[in-house]
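Structural overview for review
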Amino acid sequence: MASSNPISFLFLSSSSSSSFIPKPFLLNPFPPLSSSSSSPLKTGPSRFKCSVGQTGFFTKLGRLIKEKAKSDVEKLFSGFSKTRDNLAVIDELLLYWNLAETDRVLDELEEALLVSDFGPKISIKIVDSLRSDILAGKLKSGNEIKDALKRSVLNLLTSKAKKTELQLGFRKPAVILIVGVNGGGKTTSLGKLAHRLKNEGTKILMAAGDTFRAAASEQLEVWAERTDSEIVIGEGEKAKASSVLAKAVKRGKEEGFDVVLCDTSGRLHTNYSLMEELIACKKAIAKVIPGAPNEILLVLDGTTGLNMLPQAREFNDVVGITGLILTKLDSSARGGCVVSVVDELGIPCHFLLSIERKF
């Protein structure tokens, strides 16, 4: 799960599109022997054609794979068009920048950061740092200011949260608990994470800990089928989430699974009784495997903007969040608040999810 970037990208698709794969060549099998004939074996005309011998076959194959890869990259970055459009004003501001207009340019830059929900504290912090460097003569052109802006954001994301890869340890199974408010994309995040881990050769067990939402277990069953993973579902309509998760972790331990992915019900961070249930879930898991869960990932809806900061505070106080998953960035330009969350709480952002990327 390690990544060289400060934020790992989780844009996964299980639809193994064969549009870029050439038609497979097949060796022509022996035709069936006729029981009424003793004549030597004869071969009829083949319905299959071997393409490997054709001139330029591997050249065409390479070109098709390259075109498919380029298409995937374009789809990945197109998901962030709204955020980029909001911040595109920065390029315009810095294109013809001069020292006499420093205050005006920095004021508009601060406004652009606020519109993207970086938050007043972080926006002022970034702009004041740029102003100091400009007045000190360290930044002398628009491109230098733009590069300094990128470094400032990157530093905020990595200085207090350096371990951006998942910390799964060496003991099996590793347990990952997914938490968050209603409708944030927890189950979808769990499914896509399962797909990624499965592609790395990991043996996955899912736990349907969302015992409140109608059809939550059925949704997770679909993800289990898509990722070829096992799943544990509560028995009866009144199954407790803590018992379902404990049962799943126990099975994962006994049957040698690598990772147990635990789904939970969505809950408002202001609802004390529901937040207390998360503590019960965490304790139930720890009874089976001391020290588990290895990771507690908070799913933050990118469309909520600055509201994600109090959510992160409350969930962190209750269960101790170890990582963030930021979702729905392709339908919002308000994901800048994750910088404030990382800066204030020191929790790394592991994944960014695009809802338009089909599984």
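Note that this is a predicted model, so its numbers are computed, not measured.

**Here's the deal with the packing of helix H8 (residues 241-254) against helix H9 (residues 272-288)**
Relative to each other, H8 and H9 sit at 25 degrees, their axes nearing to 8 Å. On the basis of the axis angle, H8 is roughly parallel to H9. The two elements H8 and H9 cross, and the hand of that crossing is right-handed. Judged by residue contacts, Ala-241, Ser-242, Leu-245, Ala-246, Val-249, Lys-250 and Lys-253 of H8 engage Ala-280, Cys-281, Ala-284, Ile-285 and Val-288 from H9.

**Remarks on the nonpolar core**
Counting residues in hydrophobic clusters, the biggest one holds 63 residues, and the most contacted among them are Ile-126, Leu-130, Cys-262, Ile-321 and Leu-324. Residues within four places of Ile-126 in sequence aside, it is in contact with Leu-113, Phe-118, Leu-149, Ser-152, Val-153 and Leu-156. Ile-178, Ala-194, Leu-220 and Ile-231 belong to the second-largest nonpolar core, a separate cluster that totals 23 residues.

**Topic: the packing of aromatic side chains**
The final tally for this structure, using the stated rule, is zero aromatic pairs. Just above the ring of Phe-257 sits the side chain of Lys-203; from NZ or CZ to the centre is 4.6 Å. Over the ring of Trp-223 we find Arg-226, and its NZ or CZ is 5.1 Å from the ring centre.

**Points about helix H5 (residues 142-158)**
For H5, spanning 17 residues, the distance from its first C-alpha to its last is 24 Å, which sits close to the expected 24 Å at 1.5 Å a residue. Buried within H5 we find Gly-142, Ile-145, Ala-148, Leu-149, Ser-152, Val-153, Leu-156 and Leu-157.

**Observations regarding the side chain of Lys-328**
With respect to the element layout, Lys-328 can be found in the loop between strand S7 (323-327) and helix H11 (337-345). Assessed through its relative accessible area of 18%, Lys-328 is described here as buried. In this structure the side chain of Lys-328 is engaged in a polar contact, spanning 2.6 Å, whose partner is the backbone oxygen of Gly-183. Looking at Lys-328, its side chain comes within polar contact range of the side chain of Asp-301, at 3.3 Å.

**Focus: the confidence of the model for the protein**
Per-chain confidence: the protein averages 76 in pLDDT, with 70% of residues scoring 70 or above. Scored below 50 in pLDDT, residues 1-53 shows 77 contacts in the model against residues more than four places distant or in partner chains.

**Overview of the pairing of strand S5 (residues 259-262)**
Where burial is concerned, the two faces of S5 agree: the one with Val-259 and Leu-261 and the one with Val-260 and Cys-262 are both buried. Pairing analysis gives four bridges linking strand S2 (residues 174-180) to S5, with the strands arranged parallel. From the neighbouring strand, Ile-176 faces S5, where its bridge partner is Leu-261. Relative to S5, strand S3 (residues 204-207) runs parallel, the two sharing four bridges. By the bridge assignment, Leu-205 is partnered in S5 with Val-260.

**As for the environment of Lys-238**
Note on placement: Lys-238 falls in the loop between strand S4 (230-232) and H8. Spatially, the C-alpha atom of Lys-238 lies 7.6 Å from that of Thr-211, the residues being 27 residues apart in sequence.

**Re the environment of Thr-303**
Structurally, the position occupied by Thr-303 is in the loop between strand S6 (295-301) and helix H10 (308-319). With 25 residues separating them in the primary sequence, Thr-303 and Lys-328 have C-alpha atoms 6.7 Å apart. For Thr-303, the side chain forms a polar contact with the side chain of Asp-301, separated by 2.7 Å.

**Focus on the pairing of S2**
Among the seven residues of S2, seven are classified as buried, and the element is accordingly described as predominantly covered. By the alternation rule, side chains of S2 split into Ala-174, Ile-176, Ile-178 and Gly-180 and Val-175, Leu-177 and Val-179, which are all buried. Looking at chain direction, S2 and S6 are connected through five bridges and run parallel. Residue pairing for S6: Val-179 is matched across the bridge by Leu-298.

**A few points about H8**
With 14 residues, H8 extends 20 Å from end C-alpha to end C-alpha; this agrees with the ideal 20 Å at 1.5 Å per step. In the core, the buried residues of H8 are packed alongside S2, S3, S4, S5 and H9. Two residues or fewer after H8 comes Gly-256, characterised by a positive phi angle close to 75 degrees.

**Some words on the pattern of salt bridges**
Where charged atoms from two side chains of opposite charge approach closely, those side chains can pair. For the structure on display, the rule yields 13 salt bridges. For Arg-104, the salt bridge goes to Glu-101, with nearest N and O atoms at 2.8 Å. The residue Arg-313 makes a salt bridge to Glu-344 at a minimum N-O spacing of 2.6 Å. Here Glu-344 lies in helix H11 and Arg-313 lies in helix H10, a separation of 31 residues in the sequence. Residues joined by salt bridges that share partners form a network here, namely Glu-101, Arg-104 and Glu-108.

Each value, and the rule that gives it
Residues numbered from 1 in each chain as written. Predicted model: local features only at pLDDT ≥ 70, side-chain atom pairs only at ≥ 80, totals over all residues. Heavy atoms only, no water. Axes fitted to C-alpha atoms, helices over the stretch in contact; angles between N-to-C directions. Helix = DSSP H or I, 4+ residues; strand = E, 2+ residues; numbered from the N terminus. Parallel < 35°, antiparallel > 145°, perpendicular 65-115°, else oblique. Left-handed = near helix turned anticlockwise from the far one by under 90°. Contact = heavy atoms within 4.5 Å. Core = buried A, V, L, I, M, F, W, Y, C linked by side-chain atoms within 4.5 Å. Buried < 20%, exposed > 50% of the residue type's maximum accessible area, 1.4 Å probe, protein only. Phe/Tyr/Trp six-rings, centres within 6.5 Å; stacked < 30°, edge-to-face > 60°. Lys NZ or Arg CZ within 6 Å of the ring centre and 35° of its normal. Expected span 1.5 Å × (residues − 1). Polar contact = N/O pair within 3.5 Å; in protein donor to acceptor, adjacent residues only side chain to side chain. pLDDT = per-residue confidence, 0-100. Pairing = 2+ DSSP bridges. Salt bridge = Lys/Arg side-chain N within 4 Å of Asp/Glu carboxyl O.

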